[in-house]
Amino acid sequence: MSRVGVLISGRGTNLQALIDAEKHGNLAGSIVLVISNKNEAQGLLRARNAGIDTRTVLNSKYPAREEHEREIIQILREHDVDLVVLAGYMRILSDIFLKEFENKIINIHPSLLPSFKGINAQGQAVEHGVRYSGCTTHFVNADMDDGPIILQAVVPVNFNDTSESLADKILKEEHRILVESVNLFCQDRLEIRDRKVIIREG
Ligand code: GRF
């Protein structure tokens, strides 16, 4: 069974979706570790409540990005992690990390990429007046919110939607496609060809 490490910075509802899926026997992998780069991350509590090993590697303790990443890599290696999931992890990863876990890092982003990369993607979508937004899971490459797309889900945007109301609608879909993406990875059904991801029959 694939060993999954999850990186978080905040409230951790996507992490919770993975924890719940595992609890109900619906995850093809096992969450062995949660690392936060913020002390106060609510997601740490969620992990501890589920009996998952947690670590905090503060940005402030390692201002140099590479040192920070080396520390995280070492902890992930100690836990023999096969897949790294970025579930609301708010620090860009450098080449060191990407090389160490090449094609083994999945990110969830709250827009239909390549539209609305970066922070407050839901607010960007509302501002732009798009009729549809959604969320995307993708493998992580050197550019932000850019790697090969695994799954997407579409969410309609209404005239009255705010950044917050759209975020709530998108979040439900995030939880679903993140679990599904982790399952596809753990079942060895994802194949990357250039920038496309082929999903093999199960
Ligand atoms: C999600 O919207 C995710 O797409 C983005 O950050 C948010 C994290 O939410 N990358 P949570 O911490 O999983 O609740």
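Just above sits the structure.
Residues numbered from 1 in each chain as written. Predicted model: local features only at pLDDT ≥ 70, side-chain atom pairs only at ≥ 80, totals over all residues. Heavy atoms only, no water.

1. Regarding the pattern of salt bridges
Side-chain pairs of opposite charge can arise where the charged atoms are in close proximity. A complete count under the given rule lists 11 salt bridges for this structure. Of the charged contacts in the structure, one is a salt bridge between aspartate 53 and arginine 55, with a shortest N-O distance of 3.6 Å. Between arginine 195 and aspartate 146 there is a salt bridge, with its nearest N and O atoms 3.6 Å apart. One end of the pair, arginine 195, is in the loop between strand S8 (190-193) and strand S9 (196-199); the other, aspartate 146, is in the loop between strand S6 (132-139) and strand S7 (149-156), with 49 residues separating them in the sequence. Each of the salt bridges in this network shares a partner with another, and the network as a whole consists of Asp188, Glu191, Arg193 and Arg200. (Salt bridge = Lys/Arg side-chain N within 4 Å of Asp/Glu carboxyl O. Helix = DSSP H or I, 4+ residues; strand = E, 2+ residues; numbered from the N terminus.)

2. Overview of the nonpolar core
If you look at the biggest cluster of nonpolar residues, it comprises 41 residues, and the most contacted ones within it are Val6, Leu18, Val85 and Val182. Excluding residues within four positions of it along the chain, leucine 18 makes contact with Val6, Leu27, Ile31, Val85, Leu178, Val179 and Val182. Grouped together as the second largest cluster of nonpolar side chains are 20 residues, Val32, Val57, Leu86 and Phe101 included. (Core = buried A, V, L, I, M, F, W, Y, C linked by side-chain atoms within 4.5 Å. Buried < 20%, exposed > 50% of the residue type's maximum accessible area, 1.4 Å probe, protein only. Contact = heavy atoms within 4.5 Å.)

3. Quick look at the sheet that holds strand S1 (residues 2-8)
In spatial order, the strands read S3-S2-S1-S4-S5-S6-S7; together these 7 strands make up an open sheet with mixed pairing. Taken across any chain shown, the strands that pair with only one partner, and hence form the sheet edges, are strand S3 (53-56) and S7. Neighbouring strand axes in the sheet, compared pairwise and without regard to direction, differ in orientation by 20° on average. Strand direction decides the pairing type here: S1 and strand S2 (residues 29-36), joined by 7 bridges, are parallel. The partner of arginine 3 across the bridge, within S2, is serine 30. Those strands touched by helix H1 (residues 13-23) are S1, S2, strand S4 (83-86) and strand S5 (105-109), and its axis lies near 155° from that of S2. Its contacts with the sheet put helix H6 (residues 163-186) on S1, S2, S4, S5, S6 and S7, and the angle it makes with S7 is roughly 155°. (Pairing = 2+ DSSP bridges. Axes fitted to C-alpha atoms, helices over the stretch in contact; angles between N-to-C directions.)

4. Points about the environment of aspartate 145
Relative to the assigned elements, aspartate 145 resides in the loop between S6 and S7. Aspartate 145 gets classed as buried once you look at its relative accessible area, which sits at 10%. As for aspartate 145 and phenylalanine 101, which are separated by 44 residues in sequence, their C-alpha atoms are 17 Å apart. When residues no more than four places from it in sequence are discounted, the contact partners of aspartate 145 are Asn107, His109, Leu113, Lys117, Gly118 and His138. A polar atom in the side chain of aspartate 145 sits 3.4 Å from the side chain of asparagine 107. (Polar contact = N/O pair within 3.5 Å; in protein donor to acceptor, adjacent residues only side chain to side chain.)

5. Some words on the pairing of S9
One ladder, built from 4 bridges, connects S8 with S9; its direction is antiparallel. Directly across from arginine 193, in S9, lies its bridge partner lysine 196. Linkage of S8 to S9, two consecutive antiparallel strands, is achieved through a turn of 2 residues, within which aspartate 194 is found at a positive phi near 55°.

6. Some thoughts on the site of the ligand
Within the structure, the ligand sits among Arg11, Gly12, Thr13, Asn14, Gly88, Ile108, His109, Pro110 and Glu174. At 2.8 Å, a backbone N or O of glycine 12 approaches an oxygen atom of the ligand. For the ligand, an oxygen atom lies 2.9 Å from a polar atom in the backbone of asparagine 14. Against a free-state accessible area of 370 Å², the protein chains account for coverage of 86% of the ligand. Elements that contribute at least two residues to the shell around the ligand include exactly H1 and S5. Of the residues that constitute the shell around the ligand, the class distribution is 2 nonpolar, 5 polar and 2 charged. (Near = heavy atom within 4 Å. Areas by Shrake-Rupley, 256 points an atom, 1.4 Å probe, with all protein chains shown as cover. Nonpolar A, V, L, I, M, F, W, Y, C, P; charged D, E, K, R; others polar.)

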